[in-house]
Amino acid sequence: MYRKDRQNEFYTTLAKKEGYPARSVYKLKEIDEKYKIIREGNRVLDLGCAPGSWLLYISQKVGEKGKAIGVDIEEIKIPQKANIVFIKRSVFDLKESDFKDKFEAVVSDLSSKTSGVKFLDAGKSLELAEKAFEIAKSVLLPGGNFVCKIFQSELSDEFFKKVKNCFDFAKKIRPKAVIKKSKEFYIIGRGFTHQNPAPSREEAGLGGFRT
Ligand SMILES: C[S@@+](CC[C@H](N)C(=O)[O-])C[C@H]1O[C@@H](n2cnc3c(N)ncnc32)[C@H](O)[C@@H]1O
């Protein structure tokens with residue numbers, strides 16, 4: 001058996017044993033353990049949440065005083081819990097008014113079926129990541145955290161720069177549970193600063209130094 005298959009099977013078996021419907025939970029768990037994205041009592045928005053592994057992990061982490069709100073076009077397959085709210089809808093049809101309170105964290109594992117055509121898959125992934133980022137900017141509390149899946153491409157570098165501009169700290173990470181052949185990685189933003197800082201004169205194309 002190839003190494004990647006063994007790694008794949010390890011996380012799939014573990015997920016089944018621990019009661020999660022998908023192995024992807026170990027990606028969020030690794031990110032969260034390293035970068036402290038989610039805390040007890042938080043309100044967390046999970047975009048592209050089906051079948052529900054991340055949502056279940058978030059609900060356990062935030063506890064009964066927190067809320068885990070998931071959005072997907074597909075149904076979730078996890079037990080109903082008092083602190084979980086599921087919205088069955090496309091992220092492109094969400095409105096700011098859908099959420100009356102802001103969030104301490106927004107996480108996105110959004111992805112659509114891959115076609116195998118590299119530039120098409122990268123383009124679709126960027127579109128979903130851009131949407132997740134737009135939603136995050138409108139619903140995150142200052143100081144909030146963001147996690148977003150995206151496929152590696154020249155476009156993903158530009159996207160990373162945009163995220164970095166809006167957070168105190170940003171990082172790219174490829175968790176161990178990502179299968180070897182996949183192009184996916186995750187962008188983490190910690191400490192939402194609410195707005196892009198004003199561009200420098202050089203960035204604005206004016207040259208010279210700021211006085
Ligand atoms: C990799 S799965 C997420 C797995 C999930 N994090 C878990 O742990 O169970 C990606 C999800 O994104 C969802 N998705 C793709 N496009 C979407 C859209 N426009 N709006 C909402 N969800 C979407 C898919 O339906 C799919 O369930």
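Position numbers for residues count from 1 along each chain, tracking the sequence in the order it is written. Note on the predicted model: pLDDT of at least 70 is required for a residue's local features to be given, and 80 or more for side-chain atom pairs to be given and counted; whole-chain, interface and lining totals, by contrast, use all residues.

As recorded by an unreviewed UniProt entry, the protein carries the name Ribosomal RNA large subunit methyltransferase E. UniProt positions are given in the numbering used here, feature names are shortened, and annotations may be inferred rather than shown by experiment. Taken from UniProt, the Catalytic activity (unreviewed entry) comment for the protein reads in full: "uridine(2552) in 23S rRNA + S-adenosyl-L-methionine = 2'-O-methyluridine(2552) in 23S rRNA + S-adenosyl-L-homocysteine + H(+)". Listed under Sequence similarities (unreviewed entry) in UniProt, the entry text for the protein is "Belongs to the class I-like SAM-binding methyltransferase superfamily. RNA methyltransferase RlmE family."

Asker: Which parts of the structure should I look at to understand the site of the ligand?
Answerer: All residues are tested the same way: a C-beta atom is placed from the backbone, and lying within 6 Å of a molecule or strand makes the residue near it. Within the structure, the ligand sits among 21 residues, and G48, A50, S53, W54 and D109 are positioned closest to it. Numbering of helices and strands runs from the N terminus, with a helix taken as a DSSP run of H or I at least four residues long and a strand as a DSSP run of E at least two residues long. When residues of the shell around the ligand are traced back to their parent elements, those giving at least two are α3 (53-62) and β2 (67-72). The residue inventory of the shell around the ligand, partitioned by class, reads 11 nonpolar, seven polar and three charged. When residues are grouped by polarity, Ala, Val, Leu, Ile, Met, Phe, Trp, Tyr, Cys and Pro land in nonpolar, Asp, Glu, Lys and Arg in charged, and all others, Gly among them, in polar.

Asker: Hey, could you run me through the nonpolar core in this one?
Answerer: When a protein is soluble and globular, its nonpolar side chains tend to lie buried together. Membership of the largest hydrophobic core comes to 52 residues, with the highest contact counts inside it found for V44, L55, V106, A132, F146 and C148. At the level of elements, α2 (25-35), β1 (43-47), α3, β2, β4 (103-108), α4 (118-139), β5 (140-151) and β7 (184-192) are the ones that each hand at least two residues to this core. Contact between two residues is assigned whenever their backbone-derived C-beta positions fall within 7 Å. When sequence neighbours within four positions are dropped, the list of residues in contact with L55 reads D46, C49, A68, G70, I76, I78 and I84. Each nonpolar core comprises buried Ala, Val, Leu, Ile, Met, Phe, Trp, Tyr and Cys residues, the members being joined through C-beta atoms within 7 Å. Neighbour density around each residue's C-beta defines its exposure: 20 or more other C-beta atoms within 10 Å make it buried, 12 or fewer make it exposed, and counts between make it partly exposed, where C-beta atoms are placed from the backbone.

Asker: Honestly, the packing of α2 against α3 in this entry has me stumped. Any pointers?
Answerer: Angle between the axes and distance between the axes are the two parameters that describe a pair of packed helices. Where α2 contacts α3, the two axes come as close as 8 Å, and the packing angle between them is 40°. The orientation of α2 with respect to α3, classified from their angle, is oblique. The two elements α2 and α3 meet at a crossing, and its hand is right-handed. Of the residues in α3, those touching α2 at V25, L28 and K29 are S53, W54 and Y57. Taken together, the residues of the contact of α2 with α3 break down into four nonpolar, one polar and one charged. Axis geometry follows a simple rule: fit a line to the C-alpha atoms, using only the stretch in contact for helices, then measure angles between N-to-C directions, giving values from 0 to 180 degrees. An angle counts as roughly parallel when it lies under 35 degrees, as roughly antiparallel when it exceeds 145, as roughly perpendicular when it falls between 65 and 115, and as oblique in every other case. Each crossing gets its hand from how the near helix is turned against the far one by less than a right angle, where anticlockwise is left-handed and clockwise is right-handed.

Asker: How do you make sense of the sheet that holds β4 when you look at a structure like this?
Answerer: Sheet strands line up and pair through hydrogen bonds in the backbone, either parallel or antiparallel. Two strands are said to pair when DSSP picks up at least two bridges between them. With mixed pairing, the seven strands of this open sheet are ordered in space as β3-β2-β1-β4-β5-β7-β6. Looking along the sheet, the strands with just one partner apiece sit at the ends: β3 (84-88) and β6 (167-173). On average, each strand axis in the sheet is inclined to that of its neighbour by 15°, with strand direction left out of account. Pairing of β4 with β5 involves five bridges; the strand directions are parallel. The partner of F103 across the bridge, within β5, is L140. Running over the sheet, α2 touches β4, β5, β6 and β7 and is turned about 35° from β7. Sheet strands in contact with helix α5 (residues 154-165) are β5, β6 and β7, and its direction is about 150° off that of β6.

Asker: For this particular structure, what's the right way to read the UniProt feature "active site" (unreviewed entry) in the protein?
Answerer: Under the present numbering, the feature "active site" (unreviewed entry) in UniProt falls on K149. Positionally, K149 belongs in strand β5. Setting aside its immediate chain neighbours within four residues, K149 contacts S108, D109, L110, S111, E184 and Y186.

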